[in-house]
Amino acid sequence: QGQLLESGGGLVQFGGSLTLSCAASGNIFSIRDMGWYRQYPGKQRELVAKITREGDTNYADGVRGRFTISRANANNTVYLQMNSLAAEDTAVYYCHAEITFYHNGFPGYINDVWGQGTQVTVSS
């Protein structure tokens, strides 16, 4: 039906900045909430930030003030601007979206869709 394609991960110096991008594609009727999660080795995936279609945001305590989530391109793209990066930010970052796809020409149900994951590594 569709997918989320992530980009922007990589290696960054301590204290540096990096921006992650995630674009939704496919036979999309609408997208409600979008967000970013991260996962450390051996740990559960955890919320980093989320944003509603209306622009309401929610941040994890550890990233509030350093990270900024935003949407663009008719709300089909979500970004995560990461500043003042530190070792604790090293993780695999996953994009997430609540997407309603067309089904037989009509809107279907809301799906939880995940991106493929992108590695962010903060060097020391």
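Quick note: structure is the one above.
Below is a short write-up of the structure. (Residues numbered from 1 in each chain as written. Predicted model: local features only at pLDDT ≥ 70, side-chain atom pairs only at ≥ 80, totals over all residues. Heavy atoms only, no water.)

**Focus: the sheet that holds strand S3 (residues 18-26)**
Each strand in a sheet pairs with another by means of backbone hydrogen bonds, the pair being arranged parallel or else antiparallel.
Then step 1. Pairing within the open sheet is antiparallel, and its 4 strands lie in the order S1-S3-S8-S7. The open sheet terminates on both sides in strands that have one partner only, identified here as strand S1 (2-7) and strand S7 (67-72). Strand-to-strand twist in this sheet, taken as the mean axis angle between neighbours without regard to direction, amounts to 15 degrees.
Then step 2. Where S7 and strand S8 (residues 77-82) come together, 6 bridges link them in antiparallel fashion. In the strand pairing of S8, Ser-70 is matched with Tyr-79. (Pairing = 2+ DSSP bridges. Helix = DSSP H or I, 4+ residues; strand = E, 2+ residues; numbered from the N terminus. Axes fitted to C-alpha atoms, helices over the stretch in contact; angles between N-to-C directions.)

**Thoughts on the state of the cysteines**
Then step 1. Scanning the model with the defined rule gives 1 disulfide in all.
Then step 2. The disulfide bridge from Cys-22 ends at Cys-95, spanning 2.1 Å between sulfur atoms. Classification of the bridge connecting Cys-22 and Cys-95 rests on its S-S torsion, roughly -85 degrees, and on that basis the disulfide is left-handed. On the criterion of sequence distance, the pair formed by Cys-22 in strand S3 and Cys-95 in strand S9 (residues 91-103) is long-range, its members being 73 residues apart. (Disulfide = S-S within 2.5 Å.)

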